[in-house]
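What follows is each chain in one-letter form.
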Amino acid sequence: MTDPLDEKMVSRVAEMIARAGDVVVFTGAGVSTESGIPDFRSPGGFWTKFDPEDFTITRFLESPETRRKQWRFLLSGDLFRDASPNAAHRAIAALEAMGKLDCVITQNIDNLHQKAGNDRERVFELHGNMRWIRCLDCGERYPLEEILERHRPAVDPPPCGSCGGILKPDVVFFGEALPDETLREATRRASQCALLIVVGSSLVVYPAAYMPLYAKQAGAGLVIVNWTPTPADRIADVVIHAAAGDVMERIVADLRRRMNRCA
Ligand code: APR
Ligand code: ZN
């Protein structure tokens, strides 16, 4: 079902959430664009400014220049400077507060679901989190801000304070395995939920993009809220091609009205 956004669609999704058991929300960079963080593949997105090759683990390991470029980018703080949760994040946190959310499975590394109020135990970050930087040699993990403050304005990335090894942001680079415990638990949750709602993802990067398929294969309902078409649209029960913040806010408002009527 792919119509321009209208109340019918909103109330259909609110009804699906009201009736469902476990609801999983699966998010991508599109849930954070209204917080001022560019996504990856829209016009003007991250991959139109940076070379994805620089974010492969191979190049990171073999090229000191790539590591210097990335360190300078981290020092600039441009990535998430003071980004705050937007209406979509707040709506997803409200679902949890209303007892209607099993978990959030996110591809994002910006920590905005936690900042919006989702319990960090219910947020599965498939691609890591930018708050940490980790030593590739001894595995020691440090708060990124602390390392940036301590070494600013050094142009060369600092070595690990414990063993002198290479420090890398604790996010998944292309060619790197996803954190296996997180991936295992996210897969389990997606495969056993009653409803999975995708918010702001092009669903083109695997294995993350398997999550909606796992849910559908297990008999769950599937809703996709995304500006542009995705490969999973054809198997979704409801597809809304509109802004995440507005849509999620309206769905939660409709759900709240329903729950108040039943209370
Ligand atoms: N409301 C709804 N949809 C939006 C909004 C918005 N405000 N802003 C952007 N979108 C949609 C875009 O149309 C796009 O289809 O969100 C989607 C974002 O897709 P991508 O930029 O591909 O981001 P994502 O799906 O998260 O990418 C997955 O790719 O580069 C890797 O590791 C990176 O986690 C990332 C992964
Ligand atoms: Zn180390």
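Definitions and limits used
- Residues numbered from 1 in each chain as written.
- Chains lettered and ligands numbered in written order.
- Predicted model: local features only at pLDDT ≥ 70, side-chain atom pairs only at ≥ 80, totals over all residues.
- Heavy atoms only, no water.
- Near = heavy atom within 4 Å.
- Polar contact = N/O pair within 3.5 Å; in protein donor to acceptor, adjacent residues only side chain to side chain.
- Areas by Shrake-Rupley, 256 points an atom, 1.4 Å probe, with all protein chains shown as cover.
- Nonpolar A, V, L, I, M, F, W, Y, C, P; charged D, E, K, R; others polar.
- Helix = DSSP H or I, 4+ residues; strand = E, 2+ residues; numbered from the N terminus.
- Buried < 20%, exposed > 50% of the residue type's maximum accessible area, 1.4 Å probe, protein only.
- Contact = heavy atoms within 4.5 Å.
- 1 Å grid on protein atoms, 1.4 Å probe; cavity = no way out; pocket = protein on both sides within 12 Å on 5 of 7 lines; lining within 4 Å.
- Points joined across faces, edges and corners; volume = space filled by probe spheres on them.
- Donors = N, O, S within 2.8 Å, 3.2 Å for Na, K, Ca; no water.
- Tetrahedral: all angles 85-135°; square planar, octahedral: opposite > 155°, others 65-115°.
- Pairing = 2+ DSSP bridges.
- Axes fitted to C-alpha atoms, helices over the stretch in contact; angles between N-to-C directions.
- Parallel < 35°, antiparallel > 145°, perpendicular 65-115°, else oblique.
- Left-handed = near helix turned anticlockwise from the far one by under 90°.
- Disulfide = S-S within 2.5 Å.

S.K.: I tried to follow the site of ligand 1 on my own but got confused; where do I start?
M.R.: Looking at ligand 1, there are 23 residues lining it, with E34, F40, R41, S201 and S202 nearest. Contacts to ligand 1 include Q107, whose backbone N or O atom sits 3.3 Å from an oxygen atom. Here an oxygen atom of ligand 1 sits 2.8 Å away from a polar atom, N or O, in the side chain of T228. Look at ligand 1: alone it shows 740 Å² of surface, and the protein chains cover 94% of it. Taken together, the residues that form the shell around ligand 1 break down as nine nonpolar, eleven polar and three charged.

S.K.: It is not clear to me how the side chain of T27 should be interpreted in this structure. Could you clarify?
M.R.: Assignment of secondary structure puts T27 in strand β2 (residues 23-27). Residue class for T27 comes out buried when judged on its relative accessible area of 0%. A polar atom in the side chain of T27 sits 2.7 Å from the side chain of T106. Side-chain polar atoms of T27 contact the side chain of H113, separated by 2.9 Å. If near-sequence neighbours (up to four positions away) are discounted, T27 is found in contact with I92, V104, I105, T106, Q107, N108, H113 and V199.

S.K.: Would you take a moment to explain the layout of surface pockets for this structure?
M.R.: Empty space among the atoms becomes visible once a probe the size of a water molecule is rolled across them. Space inside the second largest pocket adds up to approximately 580 Å³. Together, 24 residues line the second largest pocket, and E125, G128, R141, D170 and T182 are the ones closest to its centre. Contributions of two or more residues to the lining of the second largest pocket are made by β4 (123-125), β5 (128-135) and β7 (167-171). The element contributing the most residues to the lining of the second largest pocket is β5, with five residues. When the residues that make up the lining of the second largest pocket are grouped by side-chain class, the tally is ten nonpolar, five polar and nine charged.

S.K.: Any chance you could explain the coordination of the zinc ion (ligand 2) here in plain terms?
M.R.: Those protein atoms acting as donors to the zinc ion (ligand 2) are C135 (SG), C138 (SG), C160 (SG) and C163 (SG), and they sit at 2.2 to 2.3 Å. Around the zinc ion (ligand 2) sit four donor atoms; with metal-centred angles ranging over 101 to 116 degrees, the donor geometry is tetrahedral. Here the donor residues for the zinc ion (ligand 2) map to a single chain with the spacing C-x2-C-x21-C-x2-C. Linking C135 in strand β5 with C163 in the loop between α7 (144-151) and β7, this pair joins segments that are 28 residues apart in sequence. Given a relative accessible area of 1%, C135 falls into the buried group.

S.K.: Please clarify how the pairing of β5 should be interpreted in this entry.
M.R.: On a regular strand, one side chain projects to one face of the sheet and the next to the other, so that they alternate. By the bridge criterion, four bridges tie β5 to β7 in an arrangement that is antiparallel. By the bridge assignment for β7, I133 is matched with P169. Summarising the sheet, β5 and strand β6 (residues 141-143) pair through three bridges and their orientation is antiparallel. Residue I133 lies in a different strand from β6, and its bridge partner there is Y142.

S.K.: Just checking my understanding: could you explain the sheet that holds β7 for this structure?
M.R.: Either a parallel or an antiparallel arrangement is found when strands of a sheet pair, and the pairing is made through backbone hydrogen bonds. Reading across the sheet, the three strands line up as β6-β5-β7 and stay open at both edges, with antiparallel pairing between neighbours. Whereas interior strands pair on both sides, the edge strands pair on one side only; in this sheet they are β6 and β7. The sheet shows a mean angle of 40 degrees between the axes of neighbouring strands, taken without regard to direction. Here α7 sits on the sheet in contact with β5, β6 and β7, set at roughly 75 degrees to β6.

S.K.: What is the right way to read the packing of helix α5 (residues 87-97) against helix α10 (residues 244-262) from this model?
M.R.: Any two packed helices are characterised by the angle at which their axes cross and by the distance between the axes. Where α5 contacts α10, the two axes come as close as 7 Å, and the packing angle between them is 30 degrees. Between α5 and α10, the angle falls in the class roughly parallel. Crossing of α5 against α10: the hand is left-handed. Counting all contacts with α5, which are made through A87, A88, A91, I92, A94 and L95, the residues of α10 involved are A244, G245, M248, E249, V252, L255 and R256. Residues belonging to the contact of α5 with α10 are distributed by class as follows: ten nonpolar, one polar and two charged.

S.K.: Explain the state of the cysteines to me, please; I cannot follow it from the model alone.
M.R.: Where two cysteines share a covalent bond between their sulfur atoms, that bond is called a disulfide. Counted by the stated rule, this structure contains zero disulfides. Not engaged in a disulfide, the cysteine C103 finds its nearest cysteine sulfur in C193; these two sulfurs lie 7.9 Å apart.

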